[in-house]
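Analysis of the macromolecular model
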Amino acid sequence: MSSGQRTALKQFAVKLLMTSKPLIRRYWPLIAIMVPAIFLRLYRIDAGMWYDEIYSLQVYFSKPVLTIVTSLENPNNHILYSLLAKLSMWLFGESELTVRLPALLFGIAGVGVVYWFSHERVDIKTASVASLLLAVSMWHIWFSQDARGYSGMITMTLLSSGLFLSLLESPKKSLIVCYALSIASACYLHLFGIFTLGAHFILWLSLDRFKFRKELIPAIGAASIASIIIFLLYAPTFGDMLEYTRTQGHITAGRELTTGYVLAMPFEWAGWLDRPIIAAPMVLLWFIGIIVAIKNRPRMAALGLLPLVLALLFTWVLGVFTYYRMLSFFLPWYFLFAGWGLVWCSSMLGKSGKGLDKGFKPLVFPALAAGTILLACMAAYPLMDYHRLG
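Residues numbered from 1 in each chain as written. Predicted model: local features only at pLDDT ≥ 70, side-chain atom pairs only at ≥ 80, totals over all residues. Heavy atoms only, no water.

1. What about the overall build of the chain?
As a reminder of what qualifies: Where helices and strands are cited, they refer to DSSP runs of H or I of at least four residues and of E of at least two residues respectively, numbered from the N terminus. Relative accessible area decides the class of each residue, using a 1.4 Å probe on protein chains only: under 20% of the type maximum gives buried, over 50% gives exposed, and in between gives partly exposed. Here a residue-residue contact requires only that any non-hydrogen atoms of the pair lie within 4.5 Å. Calculation of accessible area relied on Shrake-Rupley with a 1.4 Å probe; when residues are assessed, cover is drawn exclusively from the protein chains displayed.
Scanning the chain from terminus to terminus reveals 18 helices and zero strands. Taking all 390 residues of the chain together, the buried fraction comes to 50%. Partitioning the intrachain contacts of the chain with sequence separation of at least 6 by distance along the chain shows that 75% fall at a separation of at least 24. Just so you have it, the chain exposes about 18,700 Å², and 71% of that area is on carbon and sulfur atoms.

2. Observations regarding the side chain of S151
Counting through the fold element by element, S151 comes out in helix α8 (residues 150-169). Among the residues examined, S151 registers a relative accessible area of 0% and is labelled buried.

3. A closer look at the packing of helix α5 (residues 96-121) against α8
Condition: Between N-to-C directions, angles span 0 to 180 degrees; the directions come from axes that are lines fitted to C-alpha atoms, helices contributing only their stretch in contact. Any angle that falls under 35 degrees is termed roughly parallel, while one over 145 is termed roughly antiparallel, one within 65 to 115 roughly perpendicular, and all others oblique. Two helices crossing with the near one rotated counterclockwise from the far one by less than a right angle form a left-handed crossing, whereas a clockwise rotation gives a right-handed crossing. Gly falls in the polar group here, along with every residue not listed as nonpolar (Ala, Val, Leu, Ile, Met, Phe, Trp, Tyr, Cys, Pro) or charged (Asp, Glu, Lys, Arg).
Axis separation between α5 and α8 bottoms out at 8 Å; the angle between their running directions is 30°. It follows that α5 is roughly parallel to α8 by the angle criterion. Crossing angle aside, the handedness with which α5 passes α8 is left-handed. Of the residues in α8, those touching α5 at A103, F106, G107, A109, G110, V113, V114, W116, F117 and R121 are S151, G152, T155, M156, L158, L159, S161, G162, L163, L165, S166 and E169. Counted by class, the contact of α5 with α8 contains 12 nonpolar, eight polar and two charged residues.

4. So, the nonpolar core
Quick note on the threshold: Side-chain atoms within 4.5 Å link the members of a nonpolar core, which is a set of buried Ala, Val, Leu, Ile, Met, Phe, Trp, Tyr and Cys residues.
Membership of the largest hydrophobic core comes to 111 residues, with the highest contact counts inside it found for F61, Y179, L327, F330, W333 and Y334. When sequence neighbours within four positions are dropped, the list of residues in contact with Y179 reads S160, L163, F164, L167, L197, H200, A222 and A223.

5. Topic: a nonpolar patch on the surface
Put simply, the rule reads: The patch calculation keeps residues exceeding 30% relative accessible area without a salt bridge and links them within 9 Å when they carry like charges or within 5 Å when they are nonpolar (Val, Leu, Ile, Met, Phe, Trp, Tyr). Here a salt bridge means any side-chain nitrogen of Lys or Arg lying within 4 Å of a carboxyl oxygen belonging to Asp or Glu.
On the surface, V309, L313, F314, W316, V317 and L318 cluster together into a nonpolar patch covering about 590 Å² of accessible area. Counting through the fold element by element, L318 comes out in helix α15 (residues 298-318).

6. So, the environment of V99
When you line up the elements, V99 lands in helix α5. Since its relative accessible area comes to 0%, V99 is described here as buried. In sequence terms V99 and M49 are 50 residues apart; their C-alpha atoms lie 9.8 Å from each other. Setting aside anything within four residues of it in sequence, one finds V99 in contact with M49, L57, F61, Y81, A85, M89 and A147.

7. Observations concerning the side chain of S166
Residue placement: S166 occurs in helix α8. The class for S166 is buried, based on a relative accessible area of 18%. Sequence-distant contacts of S166, defined by excluding residues within four places in its chain, comprise R121, P171 and L175.

8. With respect to the confidence of the model for the chain
Rules: pLDDT is a per-residue confidence score from the predictor, ranging from 0 to 100.
Per-residue pLDDT for the chain has a mean of 83; in total, 79% of the residues score no lower than 70. Confidence, read as mean pLDDT per element, is least for helix α18 (residues 386-389) in the chain (43) and greatest for helix α4 (residues 79-92) (95).

9. Focus: α4
The criterion, for reference: A helix is expected to span 1.5 Å multiplied by its residue count minus one.
Taking 1.5 Å per residue as the helical rise, α4 with its 14 residues ought to reach 20 Å, and the 20 Å between its terminal C-alpha atoms agrees with that figure. When α4 is considered as a whole, its buried residues turn out to be I79, L80, Y81, S82, A85, S88 and M89. Packed against the buried residues of α4 are α2 (51-61), α3 (65-70), α5, α9 (173-189) and α11 (217-234). One or two positions beyond α4, positive phi appears at G93, with a value near 90°.

10. Considering the pattern of salt bridges
Counted under the stated rule, the structure contains three salt bridges. Between D52 and R325 there is a salt bridge, and its shortest N-O distance comes to 3.5 Å. Here D52 is found in helix α2, whereas its partner R325 is found in the loop between α15 and α16 (331-352), with 273 residues between them in sequence. Here D52 matches R325 in class, with each residue buried. A salt bridge links R121 to E169, with the shortest nitrogen-to-oxygen separation between them at 2.6 Å. On the criterion of sequence distance, the pair formed by R121 in helix α5 and E169 in helix α8 is long-range, its members being 48 residues apart.

11. Some points on the environment of A226
Tracing the backbone shows A226 in helix α11. Since its relative accessible area comes to 0%, A226 is described here as buried. Sequence-wise, A226 and I176 are 50 residues apart; in three dimensions their C-alpha atoms are separated by 9.6 Å. Once residues within four sequence positions are removed from consideration, A226 is found in contact with A180 and I183.

12. Here's the deal with the packing of aromatic side chains
The way to describe two aromatic rings as a pair is by their centre distance and the angle between their planes. Selection rule: Pairing of aromatic side chains here covers Phe, Tyr and the six-membered ring of Trp, requires ring centres within 6.5 Å, and sorts the geometry by plane angle: under 30 degrees stacked, over 60 edge-to-face, intermediate tilted.
Per the stated rule, a full pass over the model turns up 25 aromatic pairs. Centroid distance F117 to W333: 5.2 Å. Interplanar angle 75°. Geometry classified as edge-to-face. With F117 in helix α5 and W333 in helix α16, the pair connects residues that are 216 residues apart, well separated along the chain. Note on W139 and F143: the rings are 5.7 Å apart at their centroids and 40° apart in plane angle, and the pair reads as tilted. With W139 and F143 both in helix α7 (residues 138-144) and four residues apart, this pair spans about one turn of that helix. A relative accessible area of 1% places W139 in the buried class.

13. Some words on the packing of α4 against α9
As a packed pair, α4 and α9 sit with axes 5 Å apart at the nearest point and diverge in direction by 85°. When the axis of α4 is compared with that of α9, the two are roughly perpendicular. Mapping the contact onto sequence places I79, L80, Y81 and L83 in α4 and S185, Y188 and L189 in α9. Considered class by class, the residues forming the contact of α4 with α9 number six nonpolar, one polar and no charged.

Next comes the structure, spelled out in structure tokens:
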């Protein structure tokens, strides 16, 4: 290499470093969080498959593409995931890792999406806590290692909600395309993604009230385009869906929607349903975070809570069965609200802590965050007990 080439390479390296500094400064917490997130999702990812994975592999992943996109005789076919798993198997061969590879990639990406969304919409502290809680979440680790569409639905629904908020604020053609593709993908990964799309329509309606204001038309236009795409994608399966609803959809298998089921949800998401006292701090932070969000970011709070409300209403009205994992689209919101509540509590303690030494006040937030994250880590430790997670 000549001296001129070395000089040019050195100048390029310096320029790249200077350009990257703002990004590194902004996202360094995420870079640190991604290390344990990736490790936890790779750990034991080659463990033996469980029933739903085996069923999906035999009945869907290994079948022709046409069969995959036209079959939905039961909810086990998360169609877009089945297609991605088939592609992964075609590229790398059939193994536990290859059928789970799309879930792994969606799961890792999901931690980044939570950080991006929280950082853009709230603050860096909330983003750091929420993404770290998701990174060590028992549920999210499982979904990232499960050859099903849950980790994809989690990532794409949150991404689409962030893009939808951006569309409401600053309509751009690129945002319209990205939003339509993200929410359509979420729904094609799992039908329950439709409740997030429904929340987007309701939010638009609450803001526009059918006046069709010019600045809000791109948002509803993008949601309408996505709805058409989703309809066309699922159209070949309508016959199977109707037959399933008629013959099996009302079989609850002990998962009927009751008051106890609903009250147990925040404890289950914390990972400590069997020990509610341990889950109580996380649940309290989650509840406080919801109140703070409704007060300070009502649009954002609506996008987080409405899909869950719609899904529960759907389950209750039609009497169809549900599992907690079908409601997994709420998981990043759960930790976002918990992170928000934690930041608010640490702020209040710092302001009102008259008995605290000035040197200890800056430690309030790290101490609360460390304790909360420790509880989440303890819940994730006994991975994996699929029967318990059912």
